[in-house]
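An overview of the molecular structure
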Amino acid sequence: VKNLINRSVMAYQFYRATSLGKSLQEALDELYEQKLITTNIVTEVLSQYDRAMAKVLSHHARNKSSVTGRLNTYRFCDNVWTFILNSVEVTEADIHVKCPKVKIVACDAKNSSTST
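I will try to describe carefully the structure that is included in this document. This structure is a prediction, so every number in the text was calculated from the model and none was measured.

Parameters and conventions
- Residues numbered from 1 in each chain as written.
- Predicted model: local features only at pLDDT ≥ 70, side-chain atom pairs only at ≥ 80, totals over all residues.
- Heavy atoms only, no water.
- Helix = DSSP H or I, 4+ residues; strand = E, 2+ residues; numbered from the N terminus.
- Expected span 1.5 Å × (residues − 1).
- Buried < 20%, exposed > 50% of the residue type's maximum accessible area, 1.4 Å probe, protein only.
- Contact = heavy atoms within 4.5 Å.
- Pairing = 2+ DSSP bridges.
- Axes fitted to C-alpha atoms, helices over the stretch in contact; angles between N-to-C directions.
- Patch = residues over 30% accessible without salt bridge, like charges linked within 9 Å, V, L, I, M, F, W, Y side chains within 5 Å.
- Areas by Shrake-Rupley, 256 points an atom, 1.4 Å probe, with all protein chains shown as cover.
- Salt bridge = Lys/Arg side-chain N within 4 Å of Asp/Glu carboxyl O.
- Phe/Tyr/Trp six-rings, centres within 6.5 Å; stacked < 30°, edge-to-face > 60°.
- Polar contact = N/O pair within 3.5 Å; in protein donor to acceptor, adjacent residues only side chain to side chain.

Quick notes on helix α2 (residues 39-60)
Over its 22 residues, α2 extends 31 Å from the first C-alpha to the last, a length consistent with the 32 Å expected when each residue adds 1.5 Å. Taken together, the buried positions of α2 are occupied by V42, L46, S47, Y49, D50, R51, M53 and A54. Where α2 is buried, its residues contact α1 (19-33).

What follows is the structure, given as structure tokens:
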């Protein structure tokens, strides 16, 4: 099914790589393979998931973090920035986390439709 679904222009699909997104994809694949749903239904469910995740996070994720590190690679393609950082330190309130490598993907929320 994954090869049959075109990229949605309605919302970014970053959240499909989360545990919840992967579980949803697996469930939809199983239903599709059993011929219980069509590719149109799979596409619509995933589009709704993309929009719902973007909407929920835009309203509820308000914590601010500081990220410092050495920039390894950066890329800007299709209004999406991707940064690879080395020797990273993330600070949020009193929490400090050090990581050897971090990938940050950022997009303009104005380009992502969150209407349902």
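A short note on the sheet that holds strand β1 (residues 66-77)
Read from one edge to the other, the open sheet built from three strands follows the order β1-β2-β3, with strand pairing classed as antiparallel. If you trace the sheet from one side to the other, it starts and ends with β1 and β3 (95-107), each paired once. The average angle at which neighbouring strand axes cross in this sheet is 10°, direction not considered. Bridge count for β1 against strand β2 (residues 80-92) is 10 bridges, and the pairing is antiparallel. Each bridged residue has a counterpart across the sheet, and for T73 the counterpart in β2 is I84.

Observations regarding a nonpolar patch on the surface
A grouping of L71, Y74, F76 and W81 is seen on the molecular surface, where their side chains present a nonpolar patch of about 450 Å² in accessible area. The biggest single contributor to the nonpolar patch is β1, with three residues. Considering the arrangement of structural elements, one finds F76 in strand β1. Given the relative accessible area of 46%, F76 is considered partly exposed.

Looking at the environment of A93
Looking at the element boundaries, A93 is found in the loop between β2 and β3. What makes A93 exposed here is its relative accessible area of 71%.

Topic: the packing of aromatic side chains
Here the structure, examined in full by the defined rule, presents three aromatic pairs. With 5.5 Å between their ring centres and 10° between their planes, W81 and F83 make a pair best called stacked. Put simply, the rings of Y74, F76, W81 and F83 touch in pairs and so form one group of aromatic residues.

Some words on the environment of H96
Locating H96 in the fold gives a position in strand β3. What H96 contacts, discounting residues up to four positions off in sequence, is E89, V90 and T91. Within the local environment of H96, its side chain forms a polar contact with the side chain of T91, the two groups lying 3.1 Å apart.

Here we look at the pairing of β3
Strand direction decides the pairing type here: β2 and β3, joined by 12 bridges, are antiparallel. Of the residues in β3, the one forming a bridge with N86 is K101. What sits between the antiparallel neighbours β2 and β3 is a turn of two residues, in which A93 has the positive phi angle 55°.

Topic: the pattern of salt bridges
Counted by the stated rule, this structure contains two salt bridges. A salt bridge links R16 to D50, with the shortest nitrogen-to-oxygen separation between them at 2.4 Å. Pair noted here: R16 is in the segment before α1 and D50 is in helix α2, with a separation of 34 residues, a long-range link. In terms of burial, R16 and D50 fall into one category: buried. With a closest N to O distance of 3.6 Å, E44 and R51 form a salt bridge. When its relative accessible area of 41% is taken as the criterion, E44 is described as partly exposed. The class for R51 is buried, based on a relative accessible area of 7%.

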